[in-house]
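Examining the three-dimensional arrangement
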Amino acid sequence: MTSNIEIVKPSSEEEIIEILKRANAEKTKIHTYGHQDSGISIDRRAMNKIIKIDEVNLFATIEWGVNFSQLKKALEELNLTIQYPISSTSDLVLESFSSHDVIFG
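Turning next to the pairing of strand 5 (residues 59-62). In this structure, strand 4 (residues 50-54) lies alongside strand 5, joined through four bridges in antiparallel fashion. Residue Lys-52 lies in a different strand from strand 5, and its bridge partner there is Thr-61.

Attention now goes to the packing of aromatic side chains. As enumerated under the stated definition, the model contains zero aromatic pairs in all. Across the ring face of Trp-64, the terminal group of Arg-44 is positioned such that the distance to the ring centre comes to 5.1 Å.

Positionally, His-31 belongs in strand 2 (residues 30-31). On the basis of relative accessible area, His-31 is assigned to the buried category, the value being 12%. Here Ser-38 takes part through its backbone oxygen, which lies 2.8 Å from a polar atom of the side chain of His-31.

For the rest of this paragraph, the subject is the pattern of salt bridges. Applying the stated criterion to the full structure yields six salt bridges. Among the salt bridges present, the one from Arg-22 reaches Glu-26, with a minimum N-O distance of 3.8 Å. One end of the pair is Arg-22 and the other is Glu-26, both in helix 1 (residues 13-26) and four residues apart, which spans about a single turn. You can call Arg-22 partly exposed: its relative accessible area is 30%. For Glu-26, a relative accessible area of 46% puts it in the partly exposed group. A salt bridge links Glu-63 to Lys-49; the nearest nitrogen and oxygen atoms lie 3.8 Å apart.

Turning our eyes to something else, we now look at the nonpolar core. In this structure, Ile-53, Ile-62, Val-66, Phe-68, Leu-71, Ala-74, Leu-75, Ile-82 and Val-93 together form the largest nonpolar core, which totals nine residues. Here this core takes four residues from helix 2 (residues 68-77), the largest share from any one element. When near neighbours in sequence (up to four residues on either side) are disregarded, Val-93 contacts Ile-62, Val-66, Asn-67, Phe-68 and Leu-71. One finds Val-8, Ile-19, Ala-23 and Ile-42 within the second-largest nonpolar core, a separate group that totals five residues.

Assignment of secondary structure puts Ala-60 in strand 5. C-alpha separation for the pair Ala-60 and Leu-75, spaced 15 residues apart in sequence, amounts to 9.3 Å. Once you skip the residues sitting within four places of it in the chain, Ala-60 turns out to touch Lys-52, Ile-53 and Leu-71.

So, on to helix 2. Inspection of helix 2 places Phe-68, Leu-71, Ala-74 and Leu-75 among the buried residues, and these make up the whole buried set. Seen from one end, helix 2 has its buried residues packed into an arc of 135°, which puts them on one side. Among the exposed residues of helix 2, those oriented more than 90 degrees off its buried face are Ser-69, Lys-73 and Glu-77. In this structure, the buried residues of helix 2 make contact with strand 4, strand 5 and helix 3 (93-98). Its side-chain oxygen placed 3.1 Å from the backbone nitrogen of Ser-69, Asn-67 serves as the N-cap of helix 2. After helix 2 finishes, the residue Asn-79 shows a positive phi value of roughly 60°.

Cut-offs applied
- Residues numbered from 1 in each chain as written.
- Predicted model: local features only at pLDDT ≥ 70, side-chain atom pairs only at ≥ 80, totals over all residues.
- Heavy atoms only, no water.
- Pairing = 2+ DSSP bridges.
- Helix = DSSP H or I, 4+ residues; strand = E, 2+ residues; numbered from the N terminus.
- Phe/Tyr/Trp six-rings, centres within 6.5 Å; stacked < 30°, edge-to-face > 60°.
- Lys NZ or Arg CZ within 6 Å of the ring centre and 35° of its normal.
- Buried < 20%, exposed > 50% of the residue type's maximum accessible area, 1.4 Å probe, protein only.
- Polar contact = N/O pair within 3.5 Å; in protein donor to acceptor, adjacent residues only side chain to side chain.
- Salt bridge = Lys/Arg side-chain N within 4 Å of Asp/Glu carboxyl O.
- Core = buried A, V, L, I, M, F, W, Y, C linked by side-chain atoms within 4.5 Å.
- Contact = heavy atoms within 4.5 Å.
- Arc of directions from axis to C-beta.

Take a look at the structure:
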């Protein structure tokens, strides 16, 4: 069995927009996690910038390829820390937190 998966490594929002336009025009499936047999797989590791850490409101603005090690290092420089999810299946911050159920307080 051969795989018809195309792996792309965008590094900007503009590149992602072009990938989405092409996939829509070609009616191609897009995957961002896991192993698939066909479609376009977006490797987000090149989109790994920490844009801003707001020390007052304890909020970080990050790109979707930032992993926990990167964020931990940046936070330690500001004497801050992060609450790690207990059952994460990914080392990517946004993917980890977005795959969990919302907890209302």
